[in-house]
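# Analysis of the macromolecular model
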Amino acid sequence: MKYRHLLCSALASSLLAFNAGAASAKTLNVVTSFTILADVVENVGGDHVKVINLVGPNGDPHDYEPAPQDAIAIHNADVTFLSGEGLESWFARITKAANGAKPPIMVSKGIQTHQFDEDGKKVTDPHVWNSVANVMVWVDNIKKALIAADPLDAAYFSKNAAEYDLVLQQLNQNIHNEIDSTPASARKILTSHDAFGYYGQAYHVSFLAPLGVSTETEASAKDVADLISQIKSENVHIYFLENSNDSRLVKQIALATGAQPGGELYPESLSGPSGPTPTYVEMMKYNTALMVKAMNSQTQ
């Protein structure tokens, strides 16, 4: 009887360990609003998240038409992540359709945002991810949300977040080093819209753009004329296209100023897997390399 009791106890312990292991291997259904956020969530969540992303590669996160399946995905999600700060203005249109969905997690909470005047209104710049330090805040918010949804995997999420933070710290330092190697007078870049405000603030680069923080805004004739005068007076010789929005206006301005093309930047959307920026880290490296090349060419 004694051995039988020991055998039963051992079996019970094994079953408990098995069940605990099975519970800790839970896979969370996660929805993200756009590709950059999806990549960061996947780095923190690893194999314990299944991510459905809404705005796909090369897509514009400002201007998106939700599909019926998006509402279904949000309804079924354990966690939904948005960047927030006015980026996903379209998200409210699908929340009613996703009846019973959990409130989304705004990963930009806690980031020190900046505002500026746009058509007489105070507007918050939502493009926080273009400063690597801000994405470190994302990582912490994502980790906490995943742990809240799956406490048994807290150690796994914490380990992934810590490892990814080290990668981001090195990336941030490398960008500083690359920009610091360029002449300060040449750090002026012409782009399609104001998506690089946080990059400029973090790494000391000036950005000029005909459109505001949203691609849904329109530039007035006066705004364009003033920008052309500024470009000429500040001797900006290089302009950049953007992968996720219409480039016709910036091309017209370049033609009027004589600015030459410097390539295509990825300010708010990753490329596909076979493109040059399949991850957030690669995107920041790629954009920085193009801009540094342009800055150096302006001094030759």
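Residues numbered from 1 in each chain as written. Predicted model: local features only at pLDDT ≥ 70, side-chain atom pairs only at ≥ 80, totals over all residues. Heavy atoms only, no water.

With that settled, consider the sheet that holds strand 1 (residues 28-34). Working definition: the strands of a sheet are paired by backbone hydrogen bonds and lie parallel or antiparallel to each other. On the basis of which strands lie adjacent, the open sheet formed by four strands has the order 2-1-3-4 and parallel pairing. Two strands lie at the open edges of the sheet, namely strand 2 (49-55) and strand 4 (105-106), each paired on one side alone. Sheet strands in contact with helix 5 (residues 132-149) are strand 1, strand 2, strand 3 (79-82) and strand 4, and its direction is about 165° off that of strand 3. (Pairing = 2+ DSSP bridges. Helix = DSSP H or I, 4+ residues; strand = E, 2+ residues; numbered from the N terminus. Contact = heavy atoms within 4.5 Å. Axes fitted to C-alpha atoms, helices over the stretch in contact; angles between N-to-C directions.)

A word on the pairing of strand 3. Along a regular strand, successive side chains alternate from one face of the sheet to the other. Side-chain alternation along strand 3 places V79 and F81 on one buried face and T80 and L82 on a second face that is also buried. With two bridges joining them, strand 3 and strand 4 adopt parallel strand pairing. Note that in strand 4 the partner of L82 across the bridge is M106. (Buried < 20%, exposed > 50% of the residue type's maximum accessible area, 1.4 Å probe, protein only.)

On to helix 3 (residues 68-76), then. Within helix 3, the full set of buried residues consists of D70, A71, A73 and I74. In an axial view of helix 3, the angular spread of the buried residues amounts to 160°, which keeps them on one side of the axis. Among the exposed residues of helix 3, those oriented more than 90 degrees off its buried face are P68, Q69 and I72. Of the surrounding elements, those touching the buried residues of helix 3 are strand 1, strand 2, strand 3 and helix 4 (92-95). (Arc of directions from axis to C-beta.)

The backbone of N58 sits at a positive phi, close to 65°, despite the residue not being glycine. Mapping N58 onto the fold places it in the loop between strand 2 and helix 3. Unlike most non-glycine residues, E85 shows phi in positive territory, near 60°. Here E85 shows up in the loop between strand 3 and helix 4.

The next subject is the confidence of the model for the protein. Summing up the model confidence of the protein, the mean pLDDT is 83 and the portion of residues at 70 or higher is 73%. Note that residues 1-24 has pLDDT below 50 and, in this model, five contacts with residues that lie over four places away or in other chains. (pLDDT = per-residue confidence, 0-100.)

Evaluated as defined, the whole model comprises five salt bridges. Salt-bridge contacts for E65 lead to R93; the nearest nitrogen and oxygen are separated by 3.7 Å. On the criterion of sequence distance, the pair formed by E65 in the loop between strand 2 and helix 3 and R93 in helix 4 is long-range, its members being 28 residues apart. For E65, a relative accessible area of 60% corresponds to the exposed category. Residue E282 is joined to K285 by a salt bridge in which the shortest nitrogen-to-oxygen separation is 4.0 Å. In this pair, E282 and K285 both sit in helix 10 (residues 280-297), three residues apart, roughly one turn of the helix. E282 gets classed as partly exposed once you look at its relative accessible area, which sits at 33%. Within the structure, one salt-bridge network assembled from shared partners comprises D140, K143 and K144. (Salt bridge = Lys/Arg side-chain N within 4 Å of Asp/Glu carboxyl O.)

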